[in-house]
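Chain by chain, the residues:
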Amino acid sequence: MNLPFLFRRARSRLNPESVLSFVFMLFLAYVVVLPLFVMVRETFIVHPMERFQIPGSKAGDYTLAHWLKVLTGELAWGAFYKPLINTLIVSSLISFLSLLIGGGLAWLVVRTDLPWKKLVSNLAIIPYIMPSWSLALAWITLFKNQRVGGSLGLFEYLTGISLPNWFSYGMFPIVITLSLHYFPFSFMLIGGALRNIDSQLEESAELLGANRQQILRKIVFPLVAPIIFSSFLLTFSRGIGTFGTPAFLGGPVRFYMLSTMLYANIVGQRPGLGYIITLVMILFGALVLYMDQRMLGERKSFVTISGKGGMSAPFHLGSARTVVTLSVLVFLFLVTVIPFFILAIESFMLFPGNYSLSNLSLHYWIGPASQTIGIGSSEAGILRNAAILKALWNSVQLGILVALICGIGGSLIGYTIVRTRGTWKCSLLDQLSFIPYLIPSIGFGAIFLALFAVPRGPIPSLYGTLTLLVLAASVKYLPYSTRAGKGAILQIGPELEEAAIMSGAPWVTRIGRIIFPLQKAAFFSGLLLPFISAMRELSLVVLLATPGTDLATTITVKFTDRGWYPYTNGIMVLIVLTILLITAVSRKLMKTDLAKGIGG
Amino acid sequence: MSGIRLLGVTRSFGSVRAVDDFTLEIPNGAFATLLGPSGCGKTTTLRMIAGLDSPNEGGEIWIGERCVFSTEKAVFVHPAKRKLGLVFQSYALWPHLTVFENIAFGLQIQKLAKSAIQRRVEAIASLLHIGELLGRYPSELSGGQQQRVAIARVLVMEPEVLLLDEPLSNLDAKLRMDMRAELKRLHTETGSTIVYVTHDQMEALTLSTHVAVMHKGKLQQWAAPMEVYNRPANLFTADFIGNPRINLIEGILRSAPDGSFYLEKEGVAFPLPVRLPVSTQVKATLGLRAEDLEITPSQTPGSLPATVYSVLPAGAEWYIRVQVKDIFLTVTTYQDMGLQNDSKVGIRIKSDRIKLFDSEGNLFL
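This structure is a prediction, so every number in the text was calculated from the model and none was measured.

Moving on, we come to the overall build of chain B. When helices and strands are tallied, chain B shows 8 helices and 21 strands. The dimensions of chain B, computed from C-alpha atoms along their principal axes, are 80 × 50 × 35 Å. Evaluated residue by residue, chain B yields a buried proportion of 53% over its 365 residues. Counted over contacts in chain B with a minimum sequence separation of 6, partners at least 24 positions apart contribute 63%. Element-wise, carbon and sulfur atoms account for 50% of the exposed surface of chain B, whose accessible area totals about 16,300 Å². For chain B, the separation between the mean place of its 38 positive charges and that of its 38 negative charges on side chains is 3 Å.

Set out below in structure tokens:
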């Protein structure tokens, strides 16, 4: 196809999407593809601090030393293989448990005559919008024992029973708390799939003489099996990249996972080793998602949304109804309300470990900096502590900026993908925008550290700026926003825009008067998820934040490291309150539905 | 008002040529229908006339005296500047705008004065009998009303050419009939050139002045509707047009000792009521419309013995599916002959409007 230049230019005026796809491809290549190459290179060069560990080398030399050390060195077992195995075990277990809890709840809500379904659905989403390690902190507060040192946990205070280490720290609590954080994900995915099964499929089986159990086993389960597998894999991939929980619960007993090992290496000035671990994480993340794509790609058409036919009659819980309802509510209460109160209580106790009424104090909220009161941290109370307030403000800023960038960027990329469908531009852009999804969070942070710690071309070093955090978070959350944007645009038939083209409306007018007004609600929903994600993010930003750009989340790591839990817990309470408040407000004002956005 | 010319237009998607070296000249003021099964390239052709799509392997498109697209001369006129209106299959009414706002949209883009917009919208609304609906939203309208709004939105721009993409396919059967009459009236009232895409042959036959039958991106026939029905240019057109489907019998052409001709297939000889100027002993396909056949009592001289396979009453007529040895044929009768399955009857070719196609599938008689 050899068309004269003028002609091509004339046609491109009709296609702003061609221009957009070009711009986005360039941007994504720079922030997604280039970093991968940079990081691979980083694993082969000697960094300034590493030249002492590698005899006879100088900074910038090429070396295989990092790889040899990780794979065959004498510390390889403890520093790489063991954390790797831990990571795989923990990720498998949390995927399995989340599936069990989330799938079970989904079935109860969608397919049975469980009462208060709306309440159950709403409560079941809450663990997911809270910071992932808030349950870990609550666990520590509740179950910490004195063997590792420090103050008494609430449980030991009340019962006098000293809990064993395996219960208080390490793999067991990590698996439990992360499962309780991730199960809403399975809940929403499987719930959505169950809801979309056309009742006619089940009715046909019923008419052919199948009983309820046979229908469940032979029709319903096979239909949702791909989604079940998919939610298992997606949880697994998230488990690999999570940092906060393993750091807080694993640290005290030296239980390491890849994420905590990666952090230790980067912080300990061994970036070569850190980046190798990052690559391993990405490898596993990509593998898992490749399997998922294969699975869904082949069988995607299983669950179809057909407006026809209602849902088949709900399964009657019968005499078990009361017991089941009660258990579900108690369970949800235990994983949402109780942890929050435990965190709150801790922040009002002057001396940790003493839960008597006389110990109640507002010191950690509004007290002055002091070396003698309470734990004597010489930090001012949360509400008058400049560093903490700055971190909170940074978090809010980050949330707003990331929401705007993701909302607008995701919508535009989604628009471009849908409008260029069937061309190489579409598939390339689609895949590029999906890559950040493959990369476990903390690994993604490490990549951005590698890329932007030094000036590169026209772009100055961004390390130590909020811009770097905004950029990293925006790109990382872009796949979700793009997906939402794609979905929204797909619902608008191309004719609606073509009719406007025929009327002579230029692109900006078409977006402003047709596309945006039609998908306003979806757009505003799309803002909420990146905001919440940014507010509660730790794994992604823990390597990128500096004292000047500390976030509410990263600053808690510092307080936790020093054992100053009242501050940590108080800050967590503030983060959770902010998230809940924003969610509630946007639900009221903009009728946003979070459940729709998270199902990615 | 203007005619439309398409010259050697080719549009391919990947390796598939959706529209293949397509040339067509639609005269000014015609009601031209692009007719064909789904996937034949008719909608793509319409979209290329509109400018929403363009030929990618050469071709020229002219509207009136204006070249709006040419690969060779590097011409591309923006859809909005081609002075044509397109009514989409789904109507594509903007659901968030009222009927008035939908119709006024294009005029607002042109930055017309408010009073002028008001006047023109109201004029077109009354022409299409939707004057009372201007304040409503599309979702509050019936299918037929939405259809009128979609047409009004296009007509208000006073296009020289009106393009309609399967506009009646979303309506129920009764409404479709009414809208056909309205469209035909609209054509005479506005006098504009209309290009109409449909897969419904009844629509094409009843509405158009010209029909272009398309198949696999190629033009099969371009003629007046009755011409297409009576003299289909090839087997595809013959098979596609007409309800019930034409009976096609592929056999060998032979001559009898008395000088008459017959077509032989599987031991059955179909006598042909015509003289042929061609040599015999060649492969040919005989096309018989159901109404060109009649049922006779069995054993009637000159008729072929047949067995009734099934009887399909259709109101004013009956379609009888019969079996002559292993050959199935459909016959139309206009009275209830009280036939039962497996009745023994005879069939006879009753008119001389038979069609004969050569081995290439082209009509030669």
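On to a nonpolar patch on the surface, then. Residue and element names in this part refer to chain A. A grouping of V19, F22, V23 and L26 is seen on the molecular surface, where their side chains present a nonpolar patch of about 400 Å² in accessible area. Along the chain, V23 falls in helix 2 (residues 16–42). Judged by its relative accessible area of 45%, V23 falls in the partly exposed class.

This part takes up the sheet that holds strand 19 (residues 327–333) of chain B. Residue and element names in this part refer to chain B. Taken in spatial order, the 5 strands make up an open sheet running 16-20-17-18-19, and their pairing is antiparallel. Taken across any chain shown, the strands that pair with only one partner, and hence form the sheet edges, are strand 16 (293–297) and strand 19. Along the sheet, successive strands turn relative to each other by an average axial angle of 45°, direction set aside. Pairing analysis gives 4 bridges linking strand 17 (residues 304–313) to strand 20 (residues 344–349), with the strands arranged antiparallel. Considered in strand 20, the bridge of T307 is made with K344.

Residues and elements named next belong to chain B. An order of 2-1-4-5-6 is seen for the 5 strands of this open sheet, with the pairing classed as antiparallel. Pairing within the sheet leaves two strands with one partner each, and these edge strands are strand 2 (16–26) and strand 6 (75–76). Bridge count for strand 1 (residues 4–13) against strand 4 (residues 60–63) is 4 bridges, and the pairing is antiparallel. Across the sheet, L6 pairs through a bridge with I61, a residue of strand 4. Packed onto the sheet, helix 1 (residues 42–50) meets strand 1, strand 2 and strand 4 and runs at close to 120° relative to strand 1.

So, about the interface of chain A and chain B. Note on interface size: it is often stated as the accessible area lost on association of the parts. With 23 residues of chain A in contact, the opposing surface of chain B contributes 28 residues. Taking both sides of the interface into account, the surface hidden between chain A and chain B amounts to around 2,300 Å²; carbon and sulfur atoms contribute 73%. Across the pair E498 of chain A and R47 of chain B runs a salt bridge whose closest N-O atoms are separated by 2.7 Å. Counting across the interface, chain A meets chain B through 5 residue pairs in polar contact (both at pLDDT 80 or more). Every element with two or more residues in the side of chain A that touches chain B is listed here: helix 1 (5–14), helix 21 (494–502) and helix 22 (507–518) of chain A. For the side of chain A that touches chain B, the element with the most residues is helix 21 of chain A, which contributes 7 residues. Classifying every residue of the side of chain A that touches chain B gives 16 nonpolar, 3 polar and 4 charged.

Bringing the pattern of salt bridges into the picture now. Any two side chains of opposite charge can pair if their charged atoms end up close together. One pass over the structure, following the stated rule, counts 23 salt bridges over all chains. For the salt bridge of K144 of chain A with E346 of chain A, the shortest nitrogen-to-oxygen distance reads 3.9 Å. Within this pair, whereas K144 of chain A is found in the loop between helix 6 (134–143) and helix 7 (154–159), its partner E346 of chain A is found in helix 15 (residues 321–347), the two being separated by 202 residues in sequence. Each member of the pair K144 of chain A and E346 of chain A is classed as buried. The partner of K42 of chain B in a salt bridge is E166 of chain B, with the nearest N and O atoms 3.7 Å apart. Linking K42 of chain B in helix 1 with E166 of chain B in the loop between strand 8 (161–165) and helix 5 (173–190), this pair joins segments that are 124 residues apart in sequence. Each member of the pair K42 of chain B and E166 of chain B is classed as buried.

This brings us to the nonpolar core. Within the largest apolar cluster, 203 residues are counted, with the highest numbers of intra-cluster contacts made by F448 of chain A together with L163 and V195 of chain B. Among the elements that line this core, the one with the most residues is helix 9 (residues 171–196) of chain A, at 13 residues. Residue-level mapping places this core at the junction of two domains, with at least three residues from each of domain 1 (75–303) and domain 2 (348–600) of chain A. For L163 of chain B, the residues in contact, after removing those within four places along its chain, are L46, I49, A50, L84, G85, L86, V87 and V195 of chain B. One finds L93, I103, L107 and I151 of chain B within the second-largest nonpolar core, a separate group that totals 35 residues.

Let us look at the domain arrangement of chain A. Residue and element names in this part refer to chain A. Taken domain by domain, chain A comprises domain 1 (75–303) and domain 2 (348–600). In this assembly, 41 residues from domain 1 lie in contact with 43 residues from domain 2. Summed over both sides, the interface of domain 1 with domain 2 buries roughly 3,600 Å², with 75% coming from carbon and sulfur. Scanning the region where domain 1 abuts domain 2 turns up 0 salt bridges. Counting across the interface, domain 1 meets domain 2 through 4 residue pairs in polar contact (both at pLDDT 80 or more). Those elements that place two or more of their residues in the side of domain 1 that touches domain 2 are helix 5 (117–129), helix 6, helix 7, helix 9, helix 11 (212–241), helix 12 (244–250), helix 13 (258–267) and helix 14 (271–299). Considering every element that reaches the side of domain 1 that touches domain 2, the biggest residue donor is helix 14, with 8 residues.

A separate point is helix 18 (residues 424–438) of chain A. The terminal C-alpha atoms of helix 18 of chain A lie 21 Å apart, and with 15 residues this matches the ideal 21 Å at 1.5 Å per residue to within 8%. Within helix 18 of chain A, burial applies to C426, L429, L432, S433, I435, P436, Y437 and L438 of chain A.

So, about unusual backbone geometry. Residues and elements named next belong to chain B. Geometrically, the link from N243 to P244 is a cis peptide bond, its omega value of 0° lying close to zero. With respect to the secondary-structure elements, P244 resides in the loop between helix 8 (235–240) and strand 12 (247–255). The backbone of K83 sits at a positive phi, close to 55°, despite the residue not being glycine.

Counted under the stated rule, the structure contains 29 aromatic pairs over all chains. On the basis of an interplanar angle of 70° and a centroid distance of 5.0 Å, the ring pair of F80 of chain A and Y81 of chain A is categorised as edge-to-face. Look at F167 of chain A and F172 of chain A: their rings are 5.3 Å apart centre to centre, the planes differ by 35°, and that puts the pair in the tilted class. With relative accessibility at 18%, the residue F167 of chain A sits in the buried group. Pairwise contacts between aromatic rings join W139, F143, W166, F167 and F172 of chain A into one cluster. Between the NZ or CZ atom of R153 of chain B and the centre of the ring of W94 of chain B, over which it lies, the distance is 4.3 Å. Taking the ring centre of Y229 of chain B as reference, the NZ or CZ of R289 of chain B above it sits at 4.1 Å.

With that settled, consider the pairing of strand 13 (residues 261–265) of chain B. Residues and elements named next belong to chain B. Where strand 12 meets strand 13, 4 bridges bridge the pair, whose relative direction is antiparallel. Looking across to strand 13, one finds that R254 is bridged to Y262. Adjacent in sequence and paired antiparallel, strand 13 and strand 14 (residues 268–272) are bridged by 2 residues, among which E266 carries a positive phi angle near 45°.

Moving on to the side chain of Q147 of chain B. Residues and elements named next belong to chain B. Relative to the helices and strands, Q147 resides in helix 4 (residues 143–155). A polar contact is formed between the side chain of Q147 and the backbone oxygen of P167, at a distance of 2.3 Å. Discounting residues that sit within four places of it in the chain, Q147 has contacts with V87, Y91, P167, L168, L171 and M179.

A few words now on the confidence of the model for chain B. With 99% of its residues at a pLDDT of at least 70, chain B reaches an overall mean of 89. The ipTM value of the predicted complex is 0.81, and its pTM value is 0.79.

Residue and element names in this part refer to chain A. Per-residue confidence for chain A gives a mean pLDDT of 80, with 90% of residues at or over 70. Contacts from residues 299–309, a stretch scored under 50 in pLDDT, to residues over four places away or in other chains number 13 contacts. Taken together, the stretch residues 596–600 has pLDDT below 50 and engages in 14 contacts with residues farther than four places along the chain or on a different chain.

Glancing now at helix 6 of chain A. Three- or four-residue spacings in an α-helix give side chains the same orientation, since the helix completes a turn every 3.6 residues. Buried residues dominate helix 6 of chain A, accounting for 9 of its 10 residues. Taken together, the buried positions of helix 6 of chain A are S134, L135, A136, L137, A138, W139, I140, T141 and F143 of chain A.

What follows concerns the environment of I345 of chain A. Residue and element names in this part refer to chain A. In this structure, I345 sits in helix 15. For I345, a relative accessible area of 34% gives the class partly exposed. Sequence spacing of I345 and Y355 is 10 residues, and the spatial spacing of their C-alpha atoms is 8.5 Å.

Rules and cut-offs
- Residues numbered from 1 in each chain as written.
- Chains lettered and ligands numbered in written order.
- Predicted model: local features only at pLDDT ≥ 70, side-chain atom pairs only at ≥ 80, totals over all residues.
- Heavy atoms only, no water.
- Helix = DSSP H or I, 4+ residues; strand = E, 2+ residues; numbered from the N terminus.
- Buried < 20%, exposed > 50% of the residue type's maximum accessible area, 1.4 Å probe, protein only.
- Contact = heavy atoms within 4.5 Å.
- Areas by Shrake-Rupley, 256 points an atom, 1.4 Å probe, with all protein chains shown as cover.
- Lys, Arg positive; Asp, Glu negative; His and termini not counted.
- Charge placed at Lys NZ, Arg CZ, Asp CG, Glu CD.
- Patch = residues over 30% accessible without salt bridge, like charges linked within 9 Å, V, L, I, M, F, W, Y side chains within 5 Å.
- Salt bridge = Lys/Arg side-chain N within 4 Å of Asp/Glu carboxyl O.
- Pairing = 2+ DSSP bridges.
- Axes fitted to C-alpha atoms, helices over the stretch in contact; angles between N-to-C directions.
- Buried area = accessible area lost by both parts, 1.4 Å probe.
- Polar contact = N/O pair within 3.5 Å; in protein donor to acceptor, adjacent residues only side chain to side chain.
- Nonpolar A, V, L, I, M, F, W, Y, C, P; charged D, E, K, R; others polar.
- Core = buried A, V, L, I, M, F, W, Y, C linked by side-chain atoms within 4.5 Å.
- Domains from an automatic or database assignment.
- Expected span 1.5 Å × (residues − 1).
- Phe/Tyr/Trp six-rings, centres within 6.5 Å; stacked < 30°, edge-to-face > 60°.
- Lys NZ or Arg CZ within 6 Å of the ring centre and 35° of its normal.
- pLDDT = per-residue confidence, 0-100.

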